[in-house]
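Overview (structure and organization)
Each chain is listed here by its residues.
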Amino acid sequence: MIEIFGVNIGLGPIWLTLKVAFVTTSILLFLGTPLAWAVARMRSRFKIFIEAVVALPLVLPPTVLGFYLLIVLNPDGLVTGALRLFGFEGQLTFSFTGLVIGSVFYSLPFTVQPLMHAFEAVPQKFLDAAAMMRASALDRFFTVVVPLSRQGFFVAGTLTFAHTVGEFGVVLMIGGNIPEKTRLVSIDIFNHVETLAYSQAHLLSGVMLLFSLAVLLMVYSFNFRLGLKFRQ
Amino acid sequence: MIEGNLTLQKEGFRLESGDFSIPASGVTAFFGRSGSGKSTFLRAIAGLEPQTRGILRFNGQLWQNGSKSLAAEKRDIGFVFQESALFPHLNVHENLLYASRRSPEKSRRRLDDVAWKMGISHKLDQKAQNLSGGEKQRVAIARALLSQPKLLCMDEPLSALDWESKEEILTLIEQVAADSQVPILYITHTPSELERLAANVIFIKEGHIERSTLPRFSGLRPKEEVSESFFRLPFKNEADPALALDAKHPAGKCTGTQPSSSHRSPCLSSDRQSLFRG
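Nothing here was measured: the structure is a model prediction, and the numbers come from that model.

What follows is about the interface of chain B and chain A. The extent of an interface is frequently quoted as the accessible surface area lost upon association of the parts. Each partner contributes residues to the interface: chain B has 25 residues there, and chain A has 18 residues. Where chain B abuts chain A, roughly 1,900 Å² becomes buried across the two surfaces, and 61% of that area is made up of carbon and sulfur atoms. At the junction of chain B with chain A, the criterion picks out five salt bridges. Residue Arg102 of chain B is joined to Asp139 of chain A by a salt bridge in which the shortest nitrogen-to-oxygen separation is 2.7 Å. For the side of chain B that touches chain A, the secondary structure elements donating two or more residues are helix H1 (38–46), strand S8 (77–80) and helix H2 (92–101) of chain B. Element by element, the count of residues in the side of chain B that touches chain A is highest for S8 of chain B, at three residues.

Here is the structure:
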């Protein structure tokens, strides 16, 4: 608990939000990179289907995604059951793990789409040139594709982090509203408004607004500077 | 010997090479109009077209058998692309190192040596995108040589250059051809390049090999056939057999007296030759 402008604010939700966003972004960059690469290189009609599935969280009500995740991850369900076989204890829903799983699905397009566009923009001639210098497929990916897609990684990382910080519906459905355990900033704001604690709601909302604006300014200024650089 | 028979269907274009047999020595030019399939054929040989089918052998080593093919990176080919394809995130030195580090012999001395021969020693610290067209192709050729290939492929390496750079790079390629023992496959649609460089010519039309002449100007072939093989393009020196023969001679046999501005001359001034042979 700290006091800002005479308003008492619990730090727990802020800390938990940052932790979920950080873990989610790391997982998504790790899993999203090969997925984005595969989709970017895909030439079959199946590509359209995968692109549509990846983009689903953009249009689906978060409650729908959260509802299905609750069904799939419930303590008596197949997924939890399978994990129990490997010595997993506890449950996936209403826990930190649940929050991260929900966030990974919810923020998937924010990682995969910028990466996919960055990968697609790498000219084939550079990959051919690298192959002609004996670079294997993995070598080509790390020494040609990754450095030429730096911008994509930056945009994907920042947008994923910011979007995870800002989620509400999915995390409420799968994580609930458990203080110090699954209560994130967005849910905390909801609670403050419900209890008419408007000064707390004001402060947290203001912080979220400034944070989101700062992230977007960073992304757009990076794109702008890069545009200038390429125009020269 | 590079021999085989390749087919490839790509975006409405069909390559059906027919049986071919290319000597694995000297410069073999792939000649034909734009869109005739020269590039596609060369890329199929290099393993850069995954849809390639058929059979391909290089000096007895199987590179393609049906739909199975040896990965491009395992074919020991050096490739000079039309637009140089230098990595924009690396400087000239790092571009050369990329090839050198993945080659059988990774010596620093060899890198410096090749950079000097290609006349780019003073450009090593520069970003690739800050180089002129001619300089970019010099780096691209250096990079291809540094990977110590068993076969060098050049896909219209002069087409993006201005006249003056064209002459410089053509001279450089002549030096490379004379100096290295590596066979070169060279795509062009310019008769003057063909005449200066090629010992053998593969004529490509609408995706198949129309004919190949080997070796050109050997004396075994009537002169009429040779001139016909150029699709009756107006070669001024066809009327002068001495000059035509001269064009076939390796650079080393020239006396160095021809003016270097003559774009038909394959001869290098003697000091540039010795510089290259260093």
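The next thing to look at is a nonpolar patch on the surface. Residue and element names in this part refer to chain A. Nonpolar side chains collect at one region of the surface, where Phe67, Tyr68, Ile71, Val72, Leu78, Val79 and Leu83 lie side by side and expose about 680 Å² of accessible area between them. Considering every element that reaches the nonpolar patch, the biggest residue donor is helix H3 (residues 62–73), with four residues. In this structure, Ile71 sits in helix H3.

Our next topic: the sheet that holds strand S12 (residues 208–213) of chain B. All names here are of chain B. Pairing is mixed across the open sheet formed by six strands, whose spatial order is S8-S9-S10-S4-S11-S12. Every other strand in the sheet has two partners, leaving S8 and S12 as the edge strands with one partner each. Each adjacent strand pair in this sheet contributes to an overall mean axis angle of 20°, direction not counted. This element, helix H4 (residues 133–146), spans S8 and strand S9 (151–155) of the sheet and lies at about 175° to S8.

Attention now moves to helix H5 (residues 163–179) of chain B. Residue and element names in this part refer to chain B. Along its 17 residues, H5 runs 24 Å from first to last C-alpha, staying within 8% of the 24 Å computed at 1.5 Å per residue. Looking only at H5, the buried set comprises Ser165, Glu167, Ile169, Leu170, Thr171, Leu172, Ile173, Glu174, Gln175 and Val176. Between the side-chain oxygen at the start of H5 and the backbone nitrogen of Glu164 there is a gap of 3.2 Å, and the oxygen is on Asp162.

On to the packing of helix H6 (residues 124–131) of chain A against helix H7 (residues 137–148) of chain A, then. Residue and element names in this part refer to chain A. Interaxial distance between H6 and H7 falls to 10 Å at its minimum, and their mutual angle equals 155°. Here H7 runs roughly antiparallel to H6, going by the angle between their axes. Here the hand of the crossing between H6 and H7 comes out right-handed. Only Arg140, Val144, Val145 and Leu148 of H7 make contact with H6, whose side of the interface consists of Phe126, Leu127, Ala130 and Ala131. Taken together, the residues of the contact of H6 with H7 sort by class into seven nonpolar, no polar and one charged.

Before going further, it helps to examine the pairing of strand S6 (residues 61–65) of chain B. Residues and elements named next belong to chain B. As paired strands, strand S5 (residues 53–58) and S6 are joined by four bridges and run antiparallel to one another. Within S6, the residue paired with Leu56 across the bridge is Gln64. The loop that links S5 with its antiparallel partner S6 comprises two residues; one of these, Asn59, has a positive phi angle of about 45°. With two bridges connecting them, S6 and strand S7 (residues 68–69) associate as antiparallel partners. Residue Gln64 lies in a different strand from S7, and its bridge partner there is Ser69.

It is worth spelling out the pattern of salt bridges at this point. Taken as a whole, this structure holds 17 salt bridges over all chains when the rule is applied. Notably, a salt bridge pairs Glu49 of chain B with Arg43 of chain B, separated by 2.7 Å at the nearest N-O pair. The residue Arg138 of chain B makes a salt bridge to Glu168 of chain B at a minimum N-O spacing of 3.1 Å. Note that Arg138 of chain B is positioned in helix H4 and Glu168 of chain B in helix H5, a separation of 30 residues in sequence. Within the structure, one salt-bridge network assembled from shared partners comprises Asp128 of chain A together with Lys10, Arg43 and Glu49 of chain B.

A word on the nonpolar core. Counting residues in hydrophobic clusters, the biggest one holds 91 residues, and the most contacted among them are Phe30, Leu96 and Ile141 of chain B. Ile9, Ala21, Val185 and Leu204 of chain A belong to the second-largest nonpolar core, a separate cluster that totals 10 residues.

This part takes up the side chain of Thr25 of chain A. Considering the arrangement of structural elements, one finds Thr25 of chain A in helix H1 (residues 12–41). Those residues in contact with Thr25 of chain A that sit more than four places away from it in its chain are Gly157, Thr160 and Phe161 of chain A.

Analysis parameters
Residues numbered from 1 in each chain as written. Chains lettered and ligands numbered in written order. Predicted model: local features only at pLDDT ≥ 70, side-chain atom pairs only at ≥ 80, totals over all residues. Heavy atoms only, no water. Contact = heavy atoms within 4.5 Å. Buried area = accessible area lost by both parts, 1.4 Å probe. Salt bridge = Lys/Arg side-chain N within 4 Å of Asp/Glu carboxyl O. Helix = DSSP H or I, 4+ residues; strand = E, 2+ residues; numbered from the N terminus. Patch = residues over 30% accessible without salt bridge, like charges linked within 9 Å, V, L, I, M, F, W, Y side chains within 5 Å. Areas by Shrake-Rupley, 256 points an atom, 1.4 Å probe, with all protein chains shown as cover. Pairing = 2+ DSSP bridges. Axes fitted to C-alpha atoms, helices over the stretch in contact; angles between N-to-C directions. Expected span 1.5 Å × (residues − 1). Buried < 20%, exposed > 50% of the residue type's maximum accessible area, 1.4 Å probe, protein only. Polar contact = N/O pair within 3.5 Å; in protein donor to acceptor, adjacent residues only side chain to side chain. Parallel < 35°, antiparallel > 145°, perpendicular 65-115°, else oblique. Left-handed = near helix turned anticlockwise from the far one by under 90°. Nonpolar A, V, L, I, M, F, W, Y, C, P; charged D, E, K, R; others polar. Core = buried A, V, L, I, M, F, W, Y, C linked by side-chain atoms within 4.5 Å.

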